[in-house]
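Summary of the model geometry
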Amino acid sequence: MKLSKLFKKGRQSFSFEIFPPKHDEALRDIGETLDILAGCSPDFISVTFGAGGSETGRRTIDLAKRIKNEYALEPLVHLTCLNGTEAEVEGWLHELEDAGIENVLALRGDRRGEAATGSRFSYASDLVSFIRTRFPSFCVAGACYPESHPESPDRVSDVRALADKVRAGTDFLISQLFFENGLFSGFCERCRIAGITVPVAAGIMPVVNKKQIEKMTGLCGASVPPQLARILDRYGDNPAALRDAGLAYAENQIVDLAASGADGIHLYTMNNPAVAKQIAEGIKNILPHRAPVSA
């Protein structure tokens, strides 16, 4: 089922992101995590691709197949392009197509020195155009940055680049994590001004580990507002207290976003199913359990 249909039903989506374990044994044991996440009735589960070439891609596709075939949930497969050749990207898309997977999150990917020789993909918009031309049956999602991509010179340039990606054929967007809802609403307003009308799901990461969140904000450029900074300063060395405070903070974000009419909530689980389950339980009456969407 193409995920673009979710947003045409007039209800807010709720979804998770997970990543494939680095070791085959852990990949076999991820069933417990999937059991818990599936029990939360998400609309879909995205699976990251990341660095690592063919080995990482294999784990991503294997996990996506498992989500679809064993749990009857729609996977959204991340696909990066900057460090891959056209033949490699085409091969992954053929394999996804053969597996009956219809949804791809088209990403440029992180720079790892020089891009692969022979790669024709400099930007995610290049990948979107390639999929639209060569694999038109896919639903294509894109990423966006409420605080602008770290490599963008300014917000205007960032939204212009995003508009190019949407015009290339992006069906909906998922935002990078953010901790201040005003930044997201301001970003959505800039999108509307730029003529970007596709749905935008808000990316939320519960803060349950101080070092982890410091690493993530350093990578993506997300800012830490004073309220969250106080939480990290006071409870950063107390895992139980930080977990409680971080979950409460994330739930408050989601409640406000839902009340403000956000198109969807995409939860970055960091493969922590207990955290995902507690968030899902906390907002079950805000974003009610999802009803099946017909294909």
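Residues numbered from 1 in each chain as written. Predicted model: local features only at pLDDT ≥ 70, side-chain atom pairs only at ≥ 80, totals over all residues. Heavy atoms only, no water.

Selection criterion: UniProt positions are given in the numbering used here, feature names are shortened, and annotations may be inferred rather than shown by experiment.
Looking up the chain in an unreviewed UniProt entry gives the name Methylenetetrahydrofolate reductase, with the organism given as Treponema brennaborense. The heading Sequence similarities (unreviewed entry) in the UniProt record of the chain holds the text "Belongs to the methylenetetrahydrofolate reductase family." According to the UniProt record, the Catalytic activity (unreviewed entry) comment for the chain reads "(6S)-5-methyl-5,6,7,8-tetrahydrofolate + NAD(+) = (6R)-5,10-methylene-5,6,7,8-tetrahydrofolate + NADH + H(+)".

A closer look at the environment of Leu-287
Here is the rule we go by: Helix and strand definitions follow DSSP, with helices as H or I runs of at least four residues and strands as E runs of at least two, each counted in order from the N terminus. Using a 1.4 Å probe on the protein chains alone, a residue whose accessible area is under 20% of its type maximum counts as buried, one over 50% counts as exposed, and one in between counts as partly exposed.
As for its position among the elements, Leu-287 is in the segment after α12 (273-282). Taking the relative accessible area as the measure of exposure, Leu-287 reaches 4% and is therefore buried. Leu-287 sits 272 residues away from Ser-15 along the chain, and the two C-alpha atoms are 11 Å apart.

A short note on the side chain of Ser-125
Condition: Note on definitions: a residue-residue contact is assigned when non-hydrogen atoms from the two residues lie within 4.5 Å.
Mapped onto the secondary structure, Ser-125 falls in helix α6 (residues 124-134). Not counting chain neighbours up to four residues away, the residues in contact with Ser-125 comprise Asp-164, Lys-165 and Ala-168.

A closer look at the sheet that holds strand β8 (residues 264-268)
Note the cut-off: Between any two strands, pairing holds if DSSP finds at least two bridges. In this analysis an axis means a line fitted to C-alpha atoms, helices contributing only their contacting stretch, and an angle means the value between N-to-C directions, from 0 to 180 degrees.
Around the barrel, 8 strands lie side by side as β1-β2-β3-β4-β5-β6-β7-β8; this closed barrel has parallel pairing. When the angles between neighbouring strand axes are averaged without regard to direction, this sheet yields 25°.

As for helix α10 (residues 226-235)
Inclusion rule: Directions from the helix axis toward the C-beta atoms define the arc.
Burial in α10 covers these residues: Leu-228, Ile-231 and Leu-232. An end-on view of α10 places all buried positions within 95° of arc, on one side of the element. Residues of α10 that are exposed and angled more than 90 degrees away from the buried face: Pro-226, Arg-230, Asp-233 and Arg-234. If you follow the buried residues of α10, they end up packed against α9 (210-220) and α11 (239-259).

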